[in-house]
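# Architecture and fold: a report
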Amino acid sequence: AQYALGHLLMNGQGVDHPDIAGAEKYLTAAALQGMVSAQHYLAMCYLEGFGVERSEAKAAKWLQEASVGGNVDSQWQLHKLLERGKGMEKEAERWLNAAADGGHEEASKKRQAS
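Residues numbered from 1 in each chain as written. Predicted model: local features only at pLDDT ≥ 70, side-chain atom pairs only at ≥ 80, totals over all residues. Heavy atoms only, no water.

The full count for this structure, using the stated rule, is six salt bridges. Arg84 is the salt-bridge partner of Glu56, the closest N and O atoms lying 2.4 Å from each other. Linking Glu56 in helix α4 (residues 56-68) with Arg84 in the loop between α5 (72-83) and α6 (89-101), this pair joins segments that are 28 residues apart in sequence. Where Glu91 meets Arg94, a salt bridge forms, and the shortest distance between an N and an O atom there is 3.0 Å. Taken together, the positions of Glu91 and Arg94, both in helix α6 and three residues apart, correspond to about one turn of that helix. With relative accessibility at 25%, the residue Glu91 sits in the partly exposed group. (Salt bridge = Lys/Arg side-chain N within 4 Å of Asp/Glu carboxyl O. Helix = DSSP H or I, 4+ residues; strand = E, 2+ residues; numbered from the N terminus. Buried < 20%, exposed > 50% of the residue type's maximum accessible area, 1.4 Å probe, protein only.)

Take the packing of aromatic side chains next. Counted by the stated rule, this structure contains one aromatic pair. Taking 6.2 Å as the distance between ring centres and 85° as the angle between the ring planes, the aromatic pair formed by Tyr3 and Tyr41 counts as edge-to-face. Of the two residues, Tyr3 sits in helix α1 (residues 2-11) while Tyr41 sits in helix α3 (residues 36-48), which places them 38 residues apart along the sequence. On the basis of relative accessibility, which here comes to 14%, the residue Tyr41 falls in the buried class. (Phe/Tyr/Trp six-rings, centres within 6.5 Å; stacked < 30°, edge-to-face > 60°.)

See the structure below:
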C-alpha cells in the first residue's frame, strides 16, 4: 500500500498536484520494508532526478538493495552505474551477469558481445 500511494503521489495521480515529499516518504518506507519494486522505483527517481534531487549515491544504495532482491532491471542499472567507476569492473560484471541470467535483454546482448 505504501508503494502504491508513493507512486500515485509522485505522479500526481488522484491529487491536485504531485506531492513529492509525501511520495518519497511512502516509497522509502516501502523500500525499507524490503519491497523490491519500491527500491527499484526509488532508485530510478534518484538516478534520473525525477521528483527528487538527483543522487547517484542514493540511487546506488537502492539499486543494490533491489538487485540483491532479484530485480533484473536494477541489476542492469547497477551494472551501468558501476562500470563508470574506477576499480569497479568485477562488481559491474557481477551485476551484468546476474541481469543477463535473469533474462534482461540488453544485459544478455552486452554479455554476448563481450
